[in-house]
Amino acid sequence: MTINATPQTGLVLEGGGVRGIYTAGVLDVFMEHNITFDGVIGVSAGAVHGCSFLSNQKGRSIRYYRKYCSDHRFMGFRSWLTTGDFVGADFCYHELPDKLDIYDHDAFRHNPTHFYVTCSNVETGQAEYIRLTDMRAQIDYLRASASLPYFSRIVEIDGRKYLDGGCTDSIPVAAFRRMGYRRSVVILTQPADYRKKPEMRAMPFLFYRKYPAFAAALRRRHEVYNNTVTQINEMAEQGTAFIIRPGHSLNIGRLETDPDKVQRVYDIGRADAENLLPSLYKWLQRSI
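Residues numbered from 1 in each chain as written. Predicted model: local features only at pLDDT ≥ 70, side-chain atom pairs only at ≥ 80, totals over all residues. Heavy atoms only, no water.

Can you tell me about helix H10 (residues 212-238), naming the residues and giving the values?
Helix length check: H10, at 27 residues, gives a terminal C-alpha distance of 38 Å against a target of 39 Å (1.5 Å per residue), a fit within 8%. Among the residues making up H10, those that are buried are Phe-214, Ala-215, Ala-217, Leu-218, Arg-221, His-222, Tyr-225, Asn-226, Thr-228, Val-229, Ile-232 and Met-235. Residues of H10 that are buried in the fold lie against strand S5 (114-121), strand S8 (160-164), helix H8 (173-179), strand S9 (183-187), helix H9 (203-207) and strand S10 (241-244). One or two residues past the end of H10 sits Gly-239, with phi positive at roughly 90 degrees. (Helix = DSSP H or I, 4+ residues; strand = E, 2+ residues; numbered from the N terminus. Expected span 1.5 Å × (residues − 1). Buried < 20%, exposed > 50% of the residue type's maximum accessible area, 1.4 Å probe, protein only. Contact = heavy atoms within 4.5 Å.)

Printed below as a string of structure tokens:
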């Protein structure tokens, strides 16, 4: 049975570094059950795993994470010290999808679902939501969305400077509503009782003193995040959001390199999605 969400229903994917492999588990269950959406918007790791969902490559994320997460070319302090990026830019965004675990560009191009990634404009301190239509030509937007502050070089595209979308809009459900998506399935990577804590006070301005608007955004990101979680909870009560999130802390670091720990979190995502399928079917088939 194919379940197509009601038009104007979106899928919103939070980031969280390696914690985002939870989302990959949920998305693989969606693919197994042919659950589709009118639009998908991802942030950081959410955008990375959203790519495989849009190309309908079930199992791709966990496959290459297990194989390469402990590889210094994929990510690690060696990469950070030698290139300025904790996540290896050339390996992850070129060698891996083009040679080692080939990305299905044709499937992506023929998928009618609109796909957006969220990036933080370093000069304005504002979130930007970029629709991707060609993963090869626009791969730097995906890389920008997942370029962690403090651990990544600024990504420059067409004269604009970007970093991780989670710095300015970690869960862009409000942005999707402005685009016309009247309700959303939201995949979060933190449990219901999680609230983000403030950054170390001096750190944003120490690292990004040339970009005061971005530093200010980092200083208030916890407020934006926590307010968004409250908004999403209210939307769920009203029936305009369906939330999938872990029942407890996943106990995995944003930069985890142990493949067994990665597998454990992926499996939790799969189990949560499978348990929620009956409720999700009912919600998707409900009229707006």
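Summarise empty space enclosed by the protein; cite the residues concerned and give the values.
On inspection of all chains with the given rule, the structure shows five cavities of 30 Å³ or more. Its volume calculated, the largest cavity comes out at about 120 Å³. Split by residue class, the lining of the largest cavity holds two nonpolar, five polar and six charged. In this structure, the second largest cavity occupies an estimated 60 Å³ of space. For the second largest cavity, the full set of lining residues is Asp-85, Phe-86, Val-87, Ala-89, Tyr-93, Arg-143, Ala-146, Ser-147 and Ser-152. Residue classes in the lining of the second largest cavity are distributed as five nonpolar, two polar and two charged. (1 Å grid on protein atoms, 1.4 Å probe; cavity = no way out; pocket = protein on both sides within 12 Å on 5 of 7 lines; lining within 4 Å. Points joined across faces, edges and corners; volume = space filled by probe spheres on them. Nonpolar A, V, L, I, M, F, W, Y, C, P; charged D, E, K, R; others polar.)

Quick one: what's the story with the packing of helix H1 (residues 21-32) against helix H2 (residues 45-54), residue by residue and with numbers?
When two helices pack together, their arrangement is given by the angle between the helix axes and by the axis-to-axis distance. Here H1 crosses H2 at 15 degrees, and the two axes come no closer than 9 Å. In terms of axis orientation, H1 runs roughly parallel to H2. As H1 runs across H2, the sense of the crossing is right-handed. Contact residues: Ile-21, Ala-24, Leu-27, Phe-30 and Met-31 in H1; His-49, Gly-50, Ser-52 and Phe-53 in H2. Of the residues in the contact of H1 with H2, the class split is six nonpolar, three polar and no charged. (Axes fitted to C-alpha atoms, helices over the stretch in contact; angles between N-to-C directions. Parallel < 35°, antiparallel > 145°, perpendicular 65-115°, else oblique. Left-handed = near helix turned anticlockwise from the far one by under 90°.)

Go over the packing of aromatic side chains with me, naming the residues and quoting the values.
Following the criterion strictly, the structure yields 20 aromatic pairs and no others. Each ring, one from Phe-30 and one from Phe-53, has its centre 6.4 Å from the other, and the planes form 65 degrees; the classification is edge-to-face. A residue pair is termed long-range when its members are at least 10 positions apart, and Phe-30 in helix H1 and Phe-53 in helix H2 qualify at 23 residues. The exposure classification of Phe-30 matches that of Phe-53, with both residues buried. Ring geometry for Tyr-68 versus Phe-91: centroids 5.4 Å apart, planes at 75 degrees, classification edge-to-face. One end of the pair, Tyr-68, is in helix H3 (residues 60-68); the other, Phe-91, is in helix H5 (residues 89-100), and 23 residues separate them in sequence. Residue classification places Tyr-68 among the buried positions, given a relative accessible area of 7%. Taking the relative accessible area as the measure of exposure, Phe-91 reaches 5% and is therefore buried. Among the aromatic residues, those joined into a cluster by ring pairs are Tyr-150, Phe-207, Tyr-208 and Phe-214. Across from the ring centre of Trp-283, 4.2 Å away, lies the NZ or CZ of Arg-183, which sits over that ring. In this arrangement the basic side chain of Lys-196 is found over the ring face of Tyr-225, its NZ or CZ atom lying 4.9 Å from the centre. (Phe/Tyr/Trp six-rings, centres within 6.5 Å; stacked < 30°, edge-to-face > 60°. Lys NZ or Arg CZ within 6 Å of the ring centre and 35° of its normal.)

Kindly report on the pattern of salt bridges, identifying the contributing residues and their values.
Close approach of charged atoms allows side chains with opposite charge to pair. This model, assessed by the stated rule, comprises 13 salt bridges. The salt bridge partner of Arg-270 is Glu-32, with a shortest N-O separation of 2.9 Å. Residue Arg-270 is located in helix H11 (residues 259-285), and its partner Glu-32 is located in helix H1; the two are separated by 238 residues in the primary sequence. Asp-140 is paired through a salt bridge with Arg-143; the nearest N and O atoms lie 3.4 Å apart. (Salt bridge = Lys/Arg side-chain N within 4 Å of Asp/Glu carboxyl O.)

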